[in-house]
Amino acid sequence: LRSTPQRARVLEWPLWLGLGAFRYSAAMRGKSGSDAYVERPFETASKVPNVVVLNATRRKDRSMDKITTVGLDLAKSVFQVHAISESGEPLVRRTLRRSQVLDFFDKLPPCIVGMEACGSAHHWAREIAALGHDVRLMPPVYVKAYVKRNKTDAADAEAICEAVTRPTMRFVPIKSVEQQAAGMVLKTRELLVRQRSQAANALRGHMAELGCEIASNIDPTPPGD
């Protein structure tokens, strides 16, 4: 580039490029409206098939998507929903108040709803199943493997939505109100037995401090028999 002719040729390149661009825009402006690609790009989609046609196809496919699987992360007040289409594309990521849960599922077409088998899960499973959905409960330990990042409500709902579609997933049967009532009776009896044992052991320890020894067994026979 030290010689003058080489330097002149290098400096001529921007000039030739600018002149070519000016001639091309002038020629395009001189065409009729039906042939002008800049002014009416949608009528010349054949010139750019990889851009315009592909975008139109994507819009059409997305309009045909519908929710087929929903992951619901249960809570006391604020629930997290993660819904996907048949192709696996996420369609809904949002939170629901407790009063909005049934209204949300009532507006959906019948789909698969996954939840963890935790507190109040059987109640919500019965209510959502009554709306025509296929509700599936899973043990939380099986869902944990599908959490992709830090434990948040949104991550848990996404993991539930992913786990419920696995063909080898094990599900928990949904209990009826009668089955839950029978379980409550057994749990309440176990609680009362533990409390009775705790009270008897505490009383035995206090009496031992005063020199009184009490038998360790508890006689279930009522007095006077």
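Asker: Please clarify how the environment of Glu-162 should be interpreted in this entry.
Answerer: Along the polypeptide, Glu-162 turns up in helix 6 (residues 153-163). With 80 residues separating them in the primary sequence, Glu-162 and His-82 have C-alpha atoms 9.7 Å apart.

Asker: Please clarify how the packing of aromatic side chains should be interpreted in this entry.
Answerer: When we look at a pair of aromatic rings, we describe it by the centre distance and by the angle of the planes. Overall, the coordinates contain two aromatic pairs when judged by the stated rule. Taking 5.3 Å as the distance between ring centres and 75° as the angle between the ring planes, the aromatic pair formed by Phe-79 and Trp-124 counts as edge-to-face. Of the two residues, Phe-79 sits in strand 2 (residues 78-85) while Trp-124 sits in helix 4 (residues 121-129), which places them 45 residues apart along the sequence. Per residue, the accessibility class of Phe-79 equals that of Trp-124, and both read buried. For the pair Phe-104 and Phe-105, a centre-to-centre distance of 5.3 Å together with 85° between the ring planes defines the contact as edge-to-face.

Asker: Looking at this structure, I do not really get the environment of Leu-91. What am I missing?
Answerer: With respect to the helices and strands, the residue Leu-91 is situated in strand 3 (residues 90-97). Leu-91 gets classed as partly exposed once you look at its relative accessible area, which sits at 28%.

Asker: Would you mind going over the sheet that holds strand 4 (residues 112-116) with me for this structure?
Answerer: Either a parallel or an antiparallel arrangement is found when strands of a sheet pair, and the pairing is made through backbone hydrogen bonds. Ordered by their spatial adjacency, five strands build an open sheet running 3-2-1-4-5, and the pairing between neighbours is mixed. Bordering the open sheet on either side are strand 3 and strand 5 (134-138), each of which pairs with just one other strand. In this sheet, neighbouring strand axes are inclined to one another by 20° on average, regardless of whether the strands run parallel or antiparallel. Helix 6 contacts strand 1 (67-73), strand 2, strand 4 and strand 5 of the sheet and is inclined by roughly 135° relative to strand 1.

Asker: Would you mind showing me how to read the state of the cysteines here?
Answerer: One covalent bond between the sulfur atoms of two cysteine residues makes up a disulfide. Under the counting rule described, the total for this entry stands at zero disulfides. For Cys-111, which is in no disulfide, the shortest distance to another cysteine sulfur is to Cys-161 and amounts to 9.4 Å.

Asker: So what exactly am I meant to see when it comes to the nonpolar core here?
Answerer: It is characteristic of soluble globular proteins that their nonpolar side chains tend to be buried jointly. Residues Val-70, Leu-72, Phe-105 and Met-115 are the most contacted members of the largest nonpolar core, which totals 22 residues. Ranked by residue count, the leading element in this core is helix 4, at four residues. In this structure, Val-143, Ala-159, Val-164 and Met-169 belong to the second largest nonpolar core, which totals seven residues.

Asker: In this structure, what is going on with the pairing of strand 4? I would like to understand it.
Answerer: Moving residue by residue along a regular strand, the side chains alternate between the two faces of the sheet. Where burial is concerned, most of strand 4 is hidden: four out of the five residues are buried. Examined bridge by bridge, strand 1 and strand 4 share three bridges and lie parallel to one another. Across the sheet, residue Gly-71 finds its bridge partner in strand 4, namely Gly-114. By the bridge criterion, five bridges tie strand 4 to strand 5 in an arrangement that is parallel. Counted as the bridge partner of Met-115 is Leu-137 from strand 5.

Asker: Looking at this structure, I do not really get the side chain of Thr-69. What am I missing?
Answerer: By the secondary structure assignment, Thr-69 is in strand 1. Here Thr-69 is in contact with His-82, Ala-83, Ile-84, Cys-111, Ile-112, Cys-161, Val-164 and Thr-165, once residues within four sequence places are set aside.

Asker: How do you make sense of the pattern of salt bridges when you look at a structure like this?
Answerer: Any two side chains of opposite charge can pair, so long as their charged atoms come close to each other. Counted under the stated rule, the structure contains four salt bridges. Of the charged contacts, one joins Lys-151 and Asp-156 as a salt bridge, the two residues approaching to 2.9 Å between their closest N and O atoms. Taking the relative accessible area as the measure of exposure, Lys-151 reaches 65% and is therefore exposed. Take Asp-156: its relative accessible area is 8%, and that puts it in the buried class. Between Arg-166 and Glu-162 there is a salt bridge, with the nearest N and O atoms lying 3.5 Å from each other. Accessibility expressed as a relative area gives 32% for Arg-166, which makes it partly exposed.

The rules behind the values
Within any chain, residue numbers begin from 1 and follow the written order of that chain's sequence. Residue-level local features of this predicted model are given only where pLDDT is at least 70; pairs of side-chain atoms are given and counted only at 80 or more, and the full residue set underlies all totals for whole chains, interfaces and linings. Each side-chain value is derived from all of the structure's non-hydrogen atoms; neither hydrogens nor water enter the calculation. Every helix listed is a DSSP run of H or I at least four residues long, and every strand listed is a run of E at least two residues long, numbered separately from the N terminus. Planes of paired rings set the category: under 30 degrees apart is stacked, over 60 is edge-to-face and the rest tilted, where pairs are Phe, Tyr or Trp rings (Trp by its six-membered ring) whose centres lie within 6.5 Å. When a residue's accessible area, from a 1.4 Å probe over protein chains only, is under 20% of the maximum for its type it is buried; when over 50% it is exposed; and in between it is partly exposed. In this analysis, strands are considered paired if DSSP registers two or more bridges between them. To obtain an axis, a line is fitted to C-alpha atoms, over the contacting stretch when the element is a helix, and the angle between two such axes runs from 0 to 180 degrees between their N-to-C directions. Contact criterion: two residues are considered in contact whenever any of their non-hydrogen atoms come within 4.5 Å of each other. Cysteine sulfur pairs qualify as disulfides if the two atoms are within 2.5 Å. By nonpolar core is meant a set of buried Ala, Val, Leu, Ile, Met, Phe, Trp, Tyr and Cys residues that side-chain atoms within 4.5 Å join together. Salt bridges are defined by distance alone: a side-chain nitrogen of Lys or Arg within 4 Å of a carboxyl oxygen of Asp or Glu.

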